[in-house]
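A structural walkthrough
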Amino acid sequence: METAARTFGKLAIFAFSKHTEKVFKYAPRVLKDQDPEDLHQLRVGVRRLRTAIAGFEAAVQLPKGLTEERVGKIGKRLGAQRDNDVLQEILLSKYLPHLPKNEQRYLNKVLKYLQKERKHAFKATYRLLTHDKFSRFKQHWQGWLDQPQITVLGSLAIADVLPDLLLPQLAEFFLHPGWLVGTEIVPDTHGIAQQRRCIQLSPSAIEILLDGEELVLHDLRKQAKRTRYQMELFSDYYGQEYQELLAKVKMTQEILGSLQDSFVLRAMVEQYLDVDLKKLCPQWNAIFHGDRLGYWDQWQPLQSQFIDPGHRQQCRQLVQNPTGNSNGKMARGGFEPPTLGL
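The paragraphs below set out a description of the structure included in this document. Predicted model, so just to flag it, every value in this text is computed and none were measured.

Here's the deal with empty space enclosed by the protein
- The full count for this structure, using the stated rule, is one cavity of 30 Å³ or more.
- Secondary structure elements with two or more residues in the lining of the largest cavity: helix 6 (158-174) and helix 7 (203-232).
- In the lining of the largest cavity, the residues fall into four nonpolar, three polar and no charged.

So this is what it looks like as structure tokens:
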């Protein structure tokens, strides 16, 4: 498979080849269950493949078994084991070393619970990856890549379709209600345009706000992840400003992901121990509290940028004008296609 692509369709073929190679490389490693990183890499491959299907659906004709929905189901079924691995790592590295012995005792109880649950999760992963359906899934991809089916739109130059591919995803990202959490309208005496700003809240008010808006912020995190993956498909066709925007989208995903991890972990701990963590483990509770406030402090400067109408307009203009790859060569006419850092 060539590592360069001038057209929409050829770029699709390269992306599918790249991501399926990663998926089928790591699946056997996951079955050995020797390194949690193998499952992480497998899930990354699955998510990027799903994004590629969504991004390139107009350029290709895929068989019934190779749909975004089908790939999404595989990723979802791998999620339980990966989430368990992440929670155990957070408990061991982030919390255990900083707790007094009496509180470590409770944390170790939670770890034993997670270890037991992980055995069940691995069995489900094993069944998924050794099932005939997964083997057929692999065969379908190999067959399609041997004889790819390209639509008439697939013959278009990739630079000519980039804005049409990226602007709808960017619009979903910008229109998510999570951006408005903890903001207020700035009074405008002229009534010409509505401006928003982040509200400065006390620590207790932040806790109340986060407790009430957990789900919408988590959903924004998922939207950021989809936007990031979509943008990464085409990052070599833009310049430095695009890379900076992509870094901000990635940061959005990471900060909100850390915030979500703190929600999930605390809820799981209290449910399993059936206690009020604040009373039973005050130091552990204080660390949870400090973490959430810290993530919120990281979040607000980023949020301030993305709710600014001027910044949003700059982002729109940026994706409308692909200027070139990392070598500074033009993304139209006789440009040298990028090597795709997917």
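Digging into the nonpolar core
- Ranked by size, the top nonpolar core spans 71 residues in total, and within it Phe16, Phe56 and Phe234 carry the most contacts.
- Of all the elements, helix 1 (residues 8-32) adds the most residues to this core, at 11 residues.
- Filtering out sequence-adjacent residues up to four positions away, Phe56 remains in contact with Phe8, Leu11, Ala12, Ala15, Phe16, Leu233 and Phe234.
- Leu87, Met268, Leu273 and Leu277 belong to the second largest nonpolar core, which has 20 residues in total.

Here's the deal with the layout of surface pockets
- By volume, the largest pocket amounts to about 1,500 Å³.
- Every residue lining the largest pocket is counted, 38 residues in all, and those nearest its centre are Arg43, Arg47, Arg221, Lys222 and Lys225.
- Of the residues belonging to the lining of the largest pocket, the class tally is 10 nonpolar, 12 polar and 16 charged.
- One number sums up the size of the second largest pocket: a volume of about 240 Å³.
- Taken together, the elements giving at least two residues each to the lining of the second largest pocket come down to helix 6, strand 2 (195-198) and helix 11 (309-319).
- The dominant element in the lining of the second largest pocket, judged by the number of residues it contributes, is helix 11, at three residues.

Rules of the game
One numbering rule holds for all chains: residues counted from 1, following each sequence as written. Residue-level local features of this predicted model are given only where pLDDT is at least 70; pairs of side-chain atoms are given and counted only at 80 or more, and the full residue set underlies all totals for whole chains, interfaces and linings. Computation of side-chain values covers all heavy atoms of the structure but excludes hydrogens and water. A 1.4 Å probe that fits but cannot get out identifies a cavity on a 1 Å grid over protein atoms alone, an open set with protein on both sides within 12 Å along at least five of seven lines counts as a pocket, and a residue lines either if it has an atom within 4 Å of a point. Grid points are joined across faces, edges and corners, and a volume is the space filled by probe spheres set on the points. Think of it this way: any DSSP run of H or I at least four residues long counts as a helix, any run of E at least two long counts as a strand, and we number them from the N terminus. Gly is placed with the polar residues, together with every amino acid not listed as nonpolar (Ala, Val, Leu, Ile, Met, Phe, Trp, Tyr, Cys and Pro) or charged (Asp, Glu, Lys and Arg). Joining through side-chain atoms within 4.5 Å is the link that ties buried Ala, Val, Leu, Ile, Met, Phe, Trp, Tyr and Cys residues into a set, and such a set is a nonpolar core. Each residue is placed in one exposure class: buried if its accessible area under a 1.4 Å probe, protein chains only, is under 20% of its type's maximum, exposed if it is over 50%, and partly exposed if it falls in between. In what follows, a contact means two residues having at least one pair of non-hydrogen atoms within 4.5 Å.

Take it as geometry only, folks, not as evidence of what the structure does.
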